[in-house]
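Each chain is listed here by its residues.
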Amino acid sequence: MSKRGAPDVADGQFRLGGVEAPGALPHTPTFGIECIILMPYFFSSEERSTLHTGRYFNSKPAYNGFVQEFDLVSRHAITPTRYTPKPYVYENLAVHDPPVVNAKGSEMHYSLGDGQFASLHVQADEFSSGKIVVRAKLATRIPYAEIGAVPSSTSAVLREIASGRFRQLMKKVGALVGGSKETPLGNSGRISIHTKITVPEAEDVVAKFLSAHTADLVALHISRDPTLIPDPRLSLAVVNAADDLNLKSESQLLLLNAQGSTLLLADSTTRRIPFYHNRFERVADLSEIALSMQYDLLHRERSTGPIQNHPEVDLKSMPYKSWISYPQNVFHTSVSNQKIWQVVSKALYLESIAEELFEVDGIALP
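Reference entry: report on the structure contained in this document. Computed from a prediction, not measured in an experiment: that's the story for all the values here.

Basis of the calculations
Residues numbered from 1 in each chain as written. Predicted model: local features only at pLDDT ≥ 70, side-chain atom pairs only at ≥ 80, totals over all residues. Heavy atoms only, no water. Helix = DSSP H or I, 4+ residues; strand = E, 2+ residues; numbered from the N terminus. Buried < 20%, exposed > 50% of the residue type's maximum accessible area, 1.4 Å probe, protein only. Contact = heavy atoms within 4.5 Å. Areas by Shrake-Rupley, 256 points an atom, 1.4 Å probe, with all protein chains shown as cover. 1 Å grid on protein atoms, 1.4 Å probe; cavity = no way out; pocket = protein on both sides within 12 Å on 5 of 7 lines; lining within 4 Å. Points joined across faces, edges and corners; volume = space filled by probe spheres on them. Axes fitted to C-alpha atoms, helices over the stretch in contact; angles between N-to-C directions. Parallel < 35°, antiparallel > 145°, perpendicular 65-115°, else oblique. Left-handed = near helix turned anticlockwise from the far one by under 90°. Nonpolar A, V, L, I, M, F, W, Y, C, P; charged D, E, K, R; others polar. Phe/Tyr/Trp six-rings, centres within 6.5 Å; stacked < 30°, edge-to-face > 60°. Lys NZ or Arg CZ within 6 Å of the ring centre and 35° of its normal.

**Description of the overall build of the chain**
Step number 1: Helix and strand counts for the chain stand at 13 helices and 14 strands.
Step number 2: In the chain, buried positions account for 56% of the 366 residues.
Step number 3: Taking as baseline every contact in the chain between residues at least 6 positions apart, the subset at least 24 positions apart corresponds to 70%.
Step number 4: Accessible area of the chain: about 15900 Å², with a carbon and sulfur share of 51%.

**Comments concerning the layout of surface pockets**
Step number 1: As a volume, the largest pocket reaches approximately 420 Å³.
Step number 2: Surrounding the largest pocket, 22 residues form its lining, Arg 82, Gln 123, Arg 135, Glu 281 and Asp 285 being those nearest its centre.
Step number 3: Contributions of two or more residues to the lining of the largest pocket are made by helix 2 (65-69), strand 6 (81-85), strand 9 (116-128), strand 10 (131-143) and helix 9 (279-298).

**Remarks on the packing of helix 3 (residues 87-96) against helix 5 (residues 164-177)**
Step number 1: Running from N to C, helix 3 and helix 5 point in directions that differ by 135 degrees, and their axes come no closer than 11 Å. Taken together, the axes of helix 3 and helix 5 lie oblique to each other. Here the hand of the crossing between helix 3 and helix 5 comes out right-handed. In this structure, helix 3 uses Val 89, Asn 92, Leu 93 and His 96 to contact helix 5, whose residues at the interface are Leu 169, Lys 172, Val 173 and Leu 176.
Step number 2: For the contact of helix 3 with helix 5, the class distribution of residues is five nonpolar, two polar and one charged.

**Quick word on empty space enclosed by the protein**
Step number 1: Tallied over the entire structure, the rule returns two cavities of 30 Å³ or more.
Step number 2: Considering the residues around the largest cavity, the lining is formed by Leu 38, Ser 192, His 194, Asn 257, Ala 258, Gly 260, Ser 287, Leu 291, Val 344 and Leu 348.
Step number 3: Of all elements in the fold, only strand 12 (192-199) and helix 9 reach the threshold of two or more residues within the lining of the largest cavity.
Step number 4: Of the residues belonging to the lining of the largest cavity, the class tally is five nonpolar, five polar and no charged.

**Considerations on the packing of aromatic side chains**
Aromatic rings considered in pairs are described by the distance between their centres and by the relative angle of their planes.
Step number 1: For the coordinates displayed, the defined rule picks out ten aromatic pairs.
Step number 2: Between Tyr 63 and Phe 66 the ring centres are 5.9 Å apart and the planes differ by 85 degrees, which places this aromatic pair in the edge-to-face class. Grouping residues by exposure puts Tyr 63 and Phe 66 together as buried.
Step number 3: The rings of Phe 70, Trp 323, Phe 331 and Trp 341 are connected pair by pair, giving a single aromatic cluster.
Step number 4: In this arrangement the basic side chain of Arg 82 is found over the ring face of Tyr 63, its NZ or CZ atom lying 3.9 Å from the centre.

From the geometry alone we can't say anything about function, so treat these as descriptive.
Here it is as structure tokens:
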């Protein structure tokens, strides 16, 4: 198993934590797919007061990973409680969810069908009382023939992740964070899928492919099917929304909007340019923070009465105003992070939601 959690290829077989995926031919070239899936999950005030969050997950209050990653000063700091699964959580999921196979210790492997498996790791972050974001990271390698076949091969993986059974797995994780093994607690929101595709090609080959097949990748991003080419105006809008994120290299393409992100690049690009080494993780992390802010604000109790099954938002729990209105100050050491955040914030309408709170409820964000 690689350090980043991606399954390794060894001895001519796909090996996922000791599991050999059937169907792999000796010395078959492969390309990598990593997905980070985010799902907001809420517990009502009544449920939150009775949760046993330490039953299945270890908790780390005031997690400062985001502070270090984005070089945040104290006034801009976001420090959620991070929940990481205890060893037997994966085994419990394997028993109750047939798509999960061979769970052991701190690893589990998700069946993608046709003999293909992916390593899967889960965790959750609680940004304010009762509101968490369930996070799953899935990684696999797919037999590689030529770059033109990559979108269709990736499509099968993304369709599985977008399926009802994967969503049920995510909801199961959310309930387990709350300490519930059988009783469905809480309410979940829409999932956000972030995908990184790395191909074993020279950078000039990838650049030529991206120039000729941008519409295919837009289709893959918005519909999980590269054959459903959208109206050219829609393709242009999706590409233009992330235009500032694609200025440094023609051998990579990043698409980013409210439903998630898609990043395609050459294996060599991540090795040659340090800037791209952890870009995928930064995009997913900033999207998680933005998603938590959006749901925190949208699902607060309104002055006209409480919204059922959603906890009241503690508006002092995160520095909303700074992040939404002054991103240049928050990301004072990184223009790249600032631009990523601005795209995500705009896609999730954070500024508009904040304005509504002020205009309708008279609440100014801290």
